[in-house]
Amino acid sequence: MNAVESIAQAARDVGYRAEAVVSDYAFADVLSDANTTRIVPLAAFTRTPPSYRSAALAVVNGEGRRAVDLVGEHRALGAPLLFVIEQDEVTVWQVRSDAPPRAIEKVKHADIAQLFTRNKANWHPDAIHRAKSIGASGAAYQLDFVDLGLLPVIEGEIHVKLDRLLVETLDLARKVPGGDRLNVRTLFRVVFRLLAAKVLQDRRHPYADDWDADDLGSVLAGIESYYTLGAIEAKPSATLPRIFDAAWRHLRAGISFSNISSDDLAFVYENTLVTPETRKLFGTHSTPRQVAEYIVQRLELHRHRPEDIRIYEPFAGAGVFLVSALRHLRDLLPVEWTDQQRHDFLINHISGDEVDPFACEVATLSLILADYPNHNGWHVREGDLFTDEILDQRLQANNIIVCNPPFESFSKADRAKYPVANKTYSKAIAALSAALDSKPLALGFVLPRSFILDQQFAEQRKRLEVLYKSVEILKMPDGIFGASDVESSAVIASDLRDANDDKLKIRSTEVAEYDRNLFLKTGHVTVQREEERVVDAAPSGQLWLPPLGDVWAYLSSYPKLGTILETRRGLEWHYNQAAATSSEPSPGYEAGYPNARHLRQYLPPQKLWLDFRRENLRCGATHDWATPKLIASATRLSRGAWCIGGFADLEGLLCSQQFFAMRPRHTISSIDLFTLSAVLNGAVANAFLAINSPKDRFRTAVVDDIPVPVTLPEKIGELVAAYQALLKNWELLADKDAQLAQLLTEIDAAVLKAYDLPLRLERQLLAFFKDAERPLAHDWQHWDSSHPMPGLSLAERVSGQFKASGDWVQSVFQPLPPEESTLLRKYIA
């Protein structure tokens, strides 16, 4: 028995099923630039059918090559362990995602059986499967040789290359005469058959031997027979094989599907074909794969017995949640079950409903792809869930709910049709409320961003707080849903609360805009914050942990800006604002600021003349405009950390509703007004508003809640006056940018000193603005770049008392005397 045969036998002896130990296994190297198919003499899988998700170990021959290079070339297989055979020895290597492989152990050929026996507990298929699937969810179960970063890297590349291959395939079909006139349904049905046929062929399924791969008509008929599908079109057409022949040949020549997980094919099938045009034509909605994957993974299905789980997706759309649920639930089923046993279990424990018949068909075909090699049996039911209490009935029959509900409001016709529409205006609120009524074991909902903090969802947040012991909110950036620009979030709740348990674990997860593409490719999130607290008898519904939470807790007792300034929006007209401005004085017009676009901090924009005739004003006619005040942007200047800008108005000018007019509640001096402008333009105010405001505007209640220092020295106002004087005469300065930047940093430092934050919190606050662009009229660098002195406050850095040069650290921090260092060493030991 040679080394490969010995490893195969040893794998079977420690628990691998015979059909899961595969000789001469071919896989696409998706991590290489070339379209390369590699073959390993042996591969063992934790589950069948084989894929990179279930790959456990593989064998390669050293052939005199550097083992490190050889192992690296086989990363795309997905196996955490690679056995390299060299002469009479075998070395076991750990395969890693972005680090060089690590040698674990080396043995003689004769000791292979003992090697597996020693490592049976960790190398058993169930152990590796749990580490690869459950470990990725953040659960405690993990094996040190399983690199959890490897699967997301492979998965991301597979989706990129599959998407590219499918787009090229579709383009070839459309270029054939008649291809550009294909019905969308026909396109979906044909592409499903092509993908399914390639899967059967690349995986060497015996059924693929029954058709002629060069005869597309034979292939299409074979797939229809295998999956018991109806005809592609009502009237059979002889032109389809001609239109899709070149596309089929291109798909066949593309990357091998042998090692690609079937759910990856299903995700790409749905994502690539459900285009913005298709969504508009059929009203079909869809959830990005990584959003569904993240939510289902965080539900931690492994904490329940599989037989107790009944997963349901209302408003299923194209079925992305269902495909993700299928994979995660299938991973929990016994390793000894056959494919048919798993299929029979899954179709009875996963279900969905959708009102759109086209989406139902797409979802069903996606589930068929994801459930290879099983024949059909999936059916996403078509129905209007808001009628006849259908939604309530479906929810009561299931206990794990995943959902991306419609976000729009009920229409007037809906209110006459659906009783629930008279209880709430929002379809999303209606769906979430119905799910909470059924008290499922766990739920995962995609929701509008307003769910996080807005009052309209307050009741649902309180109910979640009462029902569950674990609640996570995921905040997603714009662009996650492709064509849709709706700001979105997700809530994931699990672990129903016992009557005597008052503990609540909340987690706030964010994906930053700069991490959007990485999240969509690998599921990587930017930051997570966690807290455990006691639920009061009267729940607060406060489930979101904002960034800089320690900063806001420290400043919670500080005065609020609303106690000093009264904030109101500017003028609003009965007609279009563009017609309410004039570049020349006119009767009934007064000077003011119409447009906040491109506003710069501290710098008033261009003045024009605004219509101030009472009969034309909807809002602002009775405001006290003559009093000196602050004027600030009422809309966000950016979606980043620097979001608001303002300036002191000493002339009593008007402003449009694009601005806030912020009038002192008590008489103050112009220097005090300049000081308040520094607070508004400073780090604390901008961070507070950036965290607590939607993407496009500010709410006056949030502006009123900005914390301000207990005392504000006049020095700040004097610095602002000097800074604004320089701004007005900047063209006369030789090094204007450097002078203005330095003076502004001194203003920022003085404001921060007035807040008196502990150094740790000040550093957190300043780090929040890293890489954010500040709306200024001159160049400016982040404080850590212009004044890089760690360990000092910003005020200390700009004071000039500390110089970051020479060996100042050693001169300030002297070494301990020998006797003291000896005592300290003994104490620590």
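Source: prediction; values computed, not measured. (Residues numbered from 1 in each chain as written. Predicted model: local features only at pLDDT ≥ 70, side-chain atom pairs only at ≥ 80, totals over all residues. Heavy atoms only, no water.)

## A word on the pattern of salt bridges
Any two side chains of opposite charge can pair, on the condition that their charged atoms come close.
Inference 1: Inspection of every chain in the model, using the stated rule, returns 62 salt bridges.
Inference 2: In this structure, Lys-417 engages Asp-384 in a salt bridge whose closest nitrogen and oxygen atoms are separated by 3.5 Å. A residue pair is termed long-range when its members are at least 10 positions apart, and Lys-417 in helix α17 (residues 412–417) and Asp-384 in the loop between β9 (381–382) and α16 (390–396) qualify at 33 residues.
Inference 3: Lys-417 gets classed as exposed once you look at its relative accessible area, which sits at 51%.
Inference 4: Ionic pairing is found between Glu-513 and Arg-516, a salt bridge with its closest N-O pair at 3.5 Å.
Inference 5: With relative accessibility at 39%, the residue Glu-513 sits in the partly exposed group.
Inference 6: Among the ionic contacts, a cluster of salt bridges with common partners joins Arg-53, Glu-155, Asp-263, Asp-264, Arg-289, Glu-293, Arg-327, Arg-330 and Asp-331. (Salt bridge = Lys/Arg side-chain N within 4 Å of Asp/Glu carboxyl O. Helix = DSSP H or I, 4+ residues; strand = E, 2+ residues; numbered from the N terminus. Buried < 20%, exposed > 50% of the residue type's maximum accessible area, 1.4 Å probe, protein only.)

## Re the pairing of strand β13 (residues 488–496)
Inference 1: Within β13, 7 of the 9 residues are buried, which leaves the element mostly enclosed by the surrounding structure.
Inference 2: Of the pairings in the sheet, the one linking strand β11 (residues 442–448) to β13 comprises 7 bridges and is antiparallel in character. From the neighbouring strand, Gly-444 faces β13, where its bridge partner is Ile-492.
Inference 3: Examined bridge by bridge, strand β12 (residues 468–475) and β13 share 7 bridges and lie antiparallel to one another. For Ser-470, the partnering residue across the bridge sits in β13 and is Ser-494. (Pairing = 2+ DSSP bridges.)

## A closer look at the sheet that holds strand β4 (residues 81–86)
Inference 1: Strand order in the open sheet formed by 6 strands is β1-β2-β3-β4-β5-β6, and the pairing between neighbours is mixed. Both outer strands of the open sheet, β1 (21–28) and β6 (102–108), are each paired with one neighbouring strand and no more. The sheet shows a mean angle of 30 degrees between the axes of neighbouring strands, taken without regard to direction.
Inference 2: Across 5 bridges, the pairing between strand β3 (residues 55–61) and β4 is parallel. Each bridged residue has a counterpart across the sheet, and for Asn-61 the counterpart in β4 is Ile-85.
Inference 3: Sheet strands in contact with helix α1 (residues 3–13) are β1, β2 (37–45), β3, β4 and β5 (89–94), and its direction is about 40 degrees off that of β2. (Axes fitted to C-alpha atoms, helices over the stretch in contact; angles between N-to-C directions. Contact = heavy atoms within 4.5 Å.)

## Section: helix α8 (residues 216–227)
Inference 1: Over its 12 residues, α8 runs 17 Å from end to end, which matches the ideal 16 Å to within 8%, given 1.5 Å per residue.
Inference 2: Those residues of α8 that fall on the buried side of the exposure criterion are Leu-216, Val-219, Leu-220, Gly-222, Ile-223, Tyr-226 and Tyr-227. End-on view of α8: buried residues confined to an arc of 160 degrees, all on one side of the axis.
Inference 3: Tucked into the core, α8 has its buried residues touching α7 (184–202), α9 (240–253) and α15 (357–370).
Inference 4: If you check the start of α8, you find a side-chain oxygen 3.2 Å away from the backbone N of Gly-217, and it comes from Asp-215.
Inference 5: Of the residues one or two after α8, Thr-228 is the one with positive phi, at around 55 degrees. (Expected span 1.5 Å × (residues − 1). Arc of directions from axis to C-beta. Polar contact = N/O pair within 3.5 Å; in protein donor to acceptor, adjacent residues only side chain to side chain.)

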